[in-house]
Amino acid sequence: MNRIIQKLQEPQKLLSIYFTAGYPELNDTVTIIKSLEDNGVDMIEIGLPFSDPLADGPTIQDSSTAALKNGMSSNLLFDQLTNIREIVKIPLIIMGYFNPILQFGVEDFCKKCQEVGIDGLIIPDLPADVYNEHYRHIFEKYGLINIFLITPQTSEERVKFIDGISNGFIYMVSSASVTGSQSGFGNEQEAYFKRIHNMQLKNPQIVGFGIKDKETFTQATQYAKGAIIGSAFIKNLTFNGVNSIELFTKQFKA
Amino acid sequence: MNRIIQKLQEPQKLLSIYFTAGYPELNDTVTIIKSLEDNGVDMIEIGLPFSDPLADGPTIQDSSTAALKNGMSSNLLFDQLTNIREIVKIPLIIMGYFNPILQFGVEDFCKKCQEVGIDGLIIPDLPADVYNEHYRHIFEKYGLINIFLITPQTSEERVKFIDGISNGFIYMVSSASVTGSQSGFGNEQEAYFKRIHNMQLKNPQIVGFGIKDKETFTQATQYAKGAIIGSAFIKNLTFNGVNSIELFTKQFKA
Amino acid sequence: GYYGEFGGAYIPEMLYPNIEELRQNYLKITAEPSFQEEFHALLKDYVGRPTPLYYAKRLSEKFNTKIYLKREDLNHTGAHKVNNTIGQILLAQRLGKTRIIAETGAGQHGVATATVCALMGIECVVYMGEVDIARQAPNVARMKMLGAKVVPATSGSKTLKDATNEAMRDWINNPVDTHYIVGSVVGPHPYPDMVARFQAVVSEEIKWQLREKEGRSNPDYVMACVGGGSNAAGAFYHYLDEKDVKLIAVEAAGKGVDTGESAATSILGKEGIIHGSKTLLMQTHDGQITEPYSISAGLDYPGVGPMHAHLFKTGRAEFIAITDDDAMTSGLELSQLEGIIPAIETSHALAVFNYKKFKPNDVIVINLSGRGDKDLDTYIKYFKL
Amino acid sequence: GYYGEFGGAYIPEMLYPNIEELRQNYLKITAEPSFQEEFHALLKDYVGRPTPLYYAKRLSEKFNTKIYLKREDLNHTGAHKVNNTIGQILLAQRLGKTRIIAETGAGQHGVATATVCALMGIECVVYMGEVDIARQAPNVARMKMLGAKVVPATSGSKTLKDATNEAMRDWINNPVDTHYIVGSVVGPHPYPDMVARFQAVVSEEIKWQLREKEGRSNPDYVMACVGGGSNAAGAFYHYLDEKDVKLIAVEAAGKGVDTGESAATSILGKEGIIHGSKTLLMQTHDGQITEPYSISAGLDYPGVGPMHAHLFKTGRAEFIAITDDDAMTSGLELSQLEGIIPAIETSHALAVFNYKKFKPNDVIVINLSGRGDKDLDTYIKYFKL
């Protein structure tokens, strides 16, 4: 069974962390993944950096730019992850834009993911419809779960469509925004979380965008299965380095 | 009899000098006039400075600008000339643009000229036709001779017209140019001088523009009654001062 | 050659043959069918005429009246000036001229002249005051791109007046092969009449355009800024004898009519001679021509065309003087209400709405004589954008 | 939403509602008679259309063929860009949007957007790379005069690509009240199709104008420069299915196609996704989008519209790459032969005459996409004028 599906069956609210591969240093990838697992994180999104990450705010953009400058590439990432499953057990997801994957070859990319033990993909600019029509069979062939986003503006009809083609969890974007733009959640977000919760979708939801501390994590997971922390984690890496991961993650487990 | 007409009856080729009133110093006017007469000059054009002397080259323009800056004006010039006829006998002509004269009042201006002993006027931008129609009677009332210009481009018909309304001499512009632009006379000028000479006009011609030394003076007066020196004289004043007039005029009398 | 007591040709004899050649030929040549055909073909295919008559909805709402803008800013080179240079270059060709000279202040006429000279492959020399060359660098660059020679006028105040003197001196020195393309309705006859006729296409178009839009060819008001006066001459031309059309000429008050830094020639000027024409001009008691001031390099001319002097004297046109500050504010206002950045010259005409009340049903046509791209530096500095 | 294999809408889910709203409404709204009426009235009275189709006599003589210039430089704001912004602002109004965003490179699209926003009284934010803001100061000033807010894009190379990313991020953050006016035939469907339809007025006019002049509406060639490709899309549009009309798309070779400093996307690009569209784009082996180079700020875009990718792939259009040097020389040549200073973008198209031989009776229409005033600094420095 896919590790993501296994993980989603565990009772606790899931803490998921995003980081950009190749940042702060080119070869931090394995160290960060290991440290996140050691500190009780439930799931990891490994960001494949892209030159033009248009759904991301400045923090993740800057980390992507730095990672590319450091020399990160799809091939190098797979090299770094070659033996990752010998030391890490939690679900690993690659999050990246579609063009680098397209250039790698979608099937080759998926095959590589399976080989190194990646469990799923988040490709923000691969629309659900295009995926469903052209790429779903490839993902399924290699046992990969593709994860789709929904936002407060996503219509009920489309949420249902996305739920229908999803087979892991739904990435619930907390508000209309790029990554890293929010400062806490208000009534609007709560209403949205509740609305989606009440739709009783077949896939659980994990909230992303705007989670930066224990408070927002708790708010986000009141109705959802878990939450993803991205920009806040990258900021912490930037200012406090790889060794601070323990301290950063501890706050969410308290 | 008007002094200009008297002078024109003398046998010699006439040396006429132009200077700008108020230049180099505001009160040089009388000094310069006296000195020119003392040094054998036959006739003097006193330039009434104007802000926009569009028929003049840089030398006379600059002297006009300086003179205005020094404070020269129509009234002041007449003041300076009040007793000029007590010390000077040769013909005196005021050369100026039409606008200052118009502002003074054409009749007032002519009356003043008569009072101080001016014999004639050269107003480059008062066309012969307009003069003939509107102002001739005023000039004649005050015994002033108005002097018109002809150029190499002036048609034979128009030369005759101008000769017809003139009653002193014709100012023969040596070439199509503003003042001070020529460097010696060529075949073209000689042909022109000759052509006009052969027309046997009732008024003698005095050549202006481009006369700067003995050689050009001789060339200019081969067929004409005399010549006017302007820019070359101003330049001499600028570099050598009022005291150099004797030396400057001597070359033409050699 | 006269408008009432104004006009004429007060020129040195050295210019007589040139002016006389023009005077004798301009009506004959411009009436020839081949001239008319070529002139109108170029206005259409090259200049981009007819220029629109645009109903300025938001501006009209703001001042509760009906305002149309005649869009001379959309002409090739960005102002009405080119209507005249097209006409004169065709005339010059037919007179066998092989060299063109022109004066320019802000550079619009210089660019329009350099443009038609490039179009016809004729040598072009533009005189421009040294001061103006420094402050109108983009237009100097345009002229050079177009292959024209830009000669600095270094005499006097080194601005438009002096550039005009220099151009006249050049013409005196080159009487046979050279045509002088005067840029406004100034100078000796036949220039004021000739330039006005070439610019008359503006009001010719307004007539049929307004009929299309309002069902009548006569507006209640035609309004235009006046420096030398060519854009106003064009906008007024076909309305001069239409008594129901009120004409408003807007001059530059500079820092205020009474401050000594102004270009409101009709109010501050007296009759006199400037650049060969009897007209109103700003001068000292003694008849020396004075330097006008306006923030607009296109309006700081000490004289005004003789047609306008006559319109002023007879009361046929109302003359209004607008300060720098009012003009700048109205220029910004038009930019933000209608998306049109006007030349600062035109901005003076727009400012009249702050001082003169119009009725809701009044139809007012403003000649939007040029675009403001050339004035961006001035706008930016003024508003600290 | 596809041109052959190119096009589509590869957008994050956050943009799905906006794009979907557009997709469902753009054909319906733009087909409404009231839309068509207002669109065409503004093109006529405000923009100044039709723009002339000008027979360039001296240029034709030089290259011994028949060259017509479609004068998009005479549009209000100085380029073809405004055709599209007029269309999109009317669409945005009908969709109830109260805020407009746009990206801009050289600033022409930013100015055209700021202009229509001022015209309609709608808030306007323009994203522009920090580097472009510094080198295109006059257009920044124009936008500010027009009341727009210019926001620097400080990520990546700080040029057009990054400004586009920032505009998309803004749209993600403001999905309900904001319309994004994309400036070229790029981006997710329906933008390429929508922008091409608004620009199609260019070839619509060429057809009847050429019939007036040559007795036939189809030229032998239509030629246009291609950055994103909107001016070429407009010029090609009504000729796409006319097999007797050869289409030539001219790209910027920069310092040379093989120098690593080029923007010749069709030659150097590979299939991929940029700004939501599958098309040809310049990228690393690894799929990172690379920075193109051209002396023209309007052509240095790493992608090309999907329509053009399709025209290239199918061979329907011939693609020619022209270097900086050749373009600059041809820009100066047009200035001095025809009195028209072209935008450097257009100069690339003009340079084709030095490489491709045409027959004396060939009729060639070049889309003169914009005026060169914005490029004066570059021309001046290049030619040391």
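Residues numbered from 1 in each chain as written. Chains lettered and ligands numbered in written order. Predicted model: local features only at pLDDT ≥ 70, side-chain atom pairs only at ≥ 80, totals over all residues. Heavy atoms only, no water.

**Student:** Can you tell me about the packing of helix H6 (residues 106-116) of chain B against helix H7 (residues 128-141) of chain B, naming the residues and giving the values?
**Tutor:** Residue and element names in this part refer to chain B. One way to put it is that H6 packs onto H7 with a least axis distance of 9 Å and a crossing angle of 25°. It follows from the interaxial angle that H6 and H7 lie roughly parallel. Two packed elements cross with a definite hand, and for H6 against H7 that hand is right-handed. Here Val 106, Glu 107, Cys 110 and Gln 114 of H6 come into contact with H7, specifically with Tyr 135, Ile 138, Phe 139 and Lys 141. Here the contact of H6 with H7 is composed, by residue class, of 5 nonpolar, 1 polar and 2 charged. (Axes fitted to C-alpha atoms, helices over the stretch in contact; angles between N-to-C directions. Helix = DSSP H or I, 4+ residues; strand = E, 2+ residues; numbered from the N terminus. Parallel < 35°, antiparallel > 145°, perpendicular 65-115°, else oblique. Left-handed = near helix turned anticlockwise from the far one by under 90°. Contact = heavy atoms within 4.5 Å. Nonpolar A, V, L, I, M, F, W, Y, C, P; charged D, E, K, R; others polar.)

**Student:** Hey, could you go over the UniProt feature "active site" (unreviewed entry) in chain A for me, with residue numbers and the actual values?
**Tutor:** As annotated in UniProt, the feature "active site" (unreviewed entry) corresponds to Glu 45 and Asp 56 of chain A in the numbering used here. In this fold, Glu 45 of chain A is placed in strand E2 (residues 43-48). Those residues in contact with Glu 45 of chain A that sit more than four places away from it in its chain are Ser 16, Ile 17, Tyr 18, Phe 19, Ile 93, Met 95, Ile 122, Phe 169 and Ile 228 of chain A. Polar contacts involving the side chain of Glu 45 of chain A include one to the side chain of Ser 16 of chain A, which spans 3.0 Å. Setting aside chain neighbours within four positions, we find Asp 56 of chain A in contact with Gln 61, Tyr 97, Val 178 and Thr 179 of chain A together with Arg 169 of chain D. (UniProt positions renumbered as here; feature names shortened; annotations may be inferred. Polar contact = N/O pair within 3.5 Å; in protein donor to acceptor, adjacent residues only side chain to side chain.)

**Student:** Could you give an account of the relation of the copies chain C and chain D, with specific residues and numbers?
**Tutor:** Placing chain C over chain D gives an RMSD of 0.0 Å and needs a rotation angle of 180°, together with 0.0 Å of translation along the axis. These values place the two chain copies in the arrangement generated by a two-fold rotation axis. Residue Leu 74 of chain C, judged by its C-alpha, is the member of chain C lying nearest the rotation axis, at 3.1 Å. Residue by residue, 100% of the interface of chain C is reproduced at the interface of chain D, so both copies engage with the same surface. (Least-squares fit on C-alpha atoms with pLDDT ≥ 70 in both.)

**Student:** Any details on the interface of chain A and chain D? Residues and values, ideally.
**Tutor:** At the junction of the two partners, chain A supplies 37 residues and chain D supplies 32 residues. Both faces considered, chain A and chain D share a buried interface measuring about 2,700 Å² in area, 55% of it formed by carbon and sulfur atoms. One can count 2 salt bridges joining chain A with chain D. Within the residue set of the side of chain A that touches chain D, elements represented by two or more residues are helix H3 (58-70), helix H5 (98-104), helix H7 (128-141), strand E6 (149-150) and helix H8 (156-165) of chain A. Considering every element that reaches the side of chain A that touches chain D, the biggest residue donor is H5 of chain A, with 5 residues. (Buried area = accessible area lost by both parts, 1.4 Å probe. Salt bridge = Lys/Arg side-chain N within 4 Å of Asp/Glu carboxyl O.)

**Student:** I'd like a rundown of the arrangement of the chains, residues and numbers included.
**Tutor:** Take the 3 pairs of chains in contact: the one carrying the most contacts is chains C and D. Between chain A and chain C there is no contact, and the shortest C-alpha to C-alpha separation is 27 Å.

**Student:** I'd like to hear about the side chain of Asp 45 of chain D, residue by residue, with values.
**Tutor:** Structurally, Asp 45 of chain D is set in helix H2 (residues 33-47). When its relative accessible area of 15% is taken as the criterion, Asp 45 of chain D is described as buried. Separated by 2.7 Å, the side chains of Asp 45 of chain D and Lys 213 of chain C make a polar contact. Ignoring anything within four residues of it in the chain, the contact list for Asp 45 of chain D reads Pro 52, Leu 53, Tyr 54, Arg 71 and Lys 213 of chain C. (Buried < 20%, exposed > 50% of the residue type's maximum accessible area, 1.4 Å probe, protein only.)

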